[in-house]
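Residue-level structure breakdown
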Amino acid sequence: MQSYIEIKVPISWDEPWFQDLREELDGVNIRWQRGYYHITMAFLDKTPQGVDLLTGLNRLLQPAAAPTMTFDRLDAFATGGGRRQVIYLTTSDTPAHFLTLVEDIRNHFKARGCVIQSDFKLHVTLGRVDDNRMNVAKLKAIISKVDLPATTLTLSNVEFRIFRGKTLGLWKLKA
């Protein structure tokens, strides 16, 4: 079973900078993320049957402090062997306690036999580009034209769910 744990990022489709980004990329084949913005803390490619993951997640998340992050960068990376790109929002300065929490969660999963193939990369996916005319360099050049105001947000809602399925656990981190 594939599953993932995410922390929600409260941004809006209607943010002026997001509207500007979509306008700059008008005509490019992009599947824009519409709502449900988040940072994936861990994506589990495989979980052993019958393993209790929630007890350990409760132990890690119930006392955890909600991180405050300033999102100040738009960027892109290649995926699918370079054929597709992801446009994302990120931060220049990630709080150390958030990175420690992510590492603790990932270690918890690995210690219980879960398979995690991807490394952690703090990013909020805004859109997935599937356009042969685009590459990362061209995309970054276009993205750099967008004026992104630094936006400070406190992230408190964490969700663990089956990939394209039901929610397994919800937590509200302490503000």
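Relevant structure appears above.
This text gives an overview of the structure that appears in the document. (Residues numbered from 1 in each chain as written. Predicted model: local features only at pLDDT ≥ 70, side-chain atom pairs only at ≥ 80, totals over all residues. Heavy atoms only, no water.)

**Focus on the nonpolar core**
- Within the largest apolar cluster, 50 residues are counted, with the highest numbers of intra-cluster contacts made by I5, I39, F71, F109 and L126.
- Here this core gets 5 residues from one element, more than from any other, and that element is helix α3 (residues 96–111). (Core = buried A, V, L, I, M, F, W, Y, C linked by side-chain atoms within 4.5 Å. Buried < 20%, exposed > 50% of the residue type's maximum accessible area, 1.4 Å probe, protein only. Helix = DSSP H or I, 4+ residues; strand = E, 2+ residues; numbered from the N terminus.)

**Brief notes about unusual backbone geometry**
- In this structure, Y36 is a non-glycine residue whose phi angle is positive, near 55°.
- By the element assignment, Y36 lies in the loop between β2 (30–32) and β3 (38–44).
- With relative accessibility at 39%, the residue Y36 sits in the partly exposed group.
- Although it is not a glycine, R164 sits at a positive phi angle of roughly 55°.
- Position of R164 relative to the elements: it lies in the loop between β8 (157–162) and β9 (167–172).

**Describing helix α4 (residues 136–143)**
- All of the buried residues in α4 are L139, I142 and I143. Mapping the buried residues of α4 onto a view down its axis gives an arc of 100°, with all of them on the same face.
- For α4, the secondary structure elements touched by its buried residues are α1 (16–24), β4 (68–79), β5 (84–91) and β6 (124–129).
- Backbone nitrogen of A137 and a side-chain oxygen of the N-cap are separated by 3.0 Å at the start of α4; the cap is N135. (Arc of directions from axis to C-beta. Contact = heavy atoms within 4.5 Å. Polar contact = N/O pair within 3.5 Å; in protein donor to acceptor, adjacent residues only side chain to side chain.)

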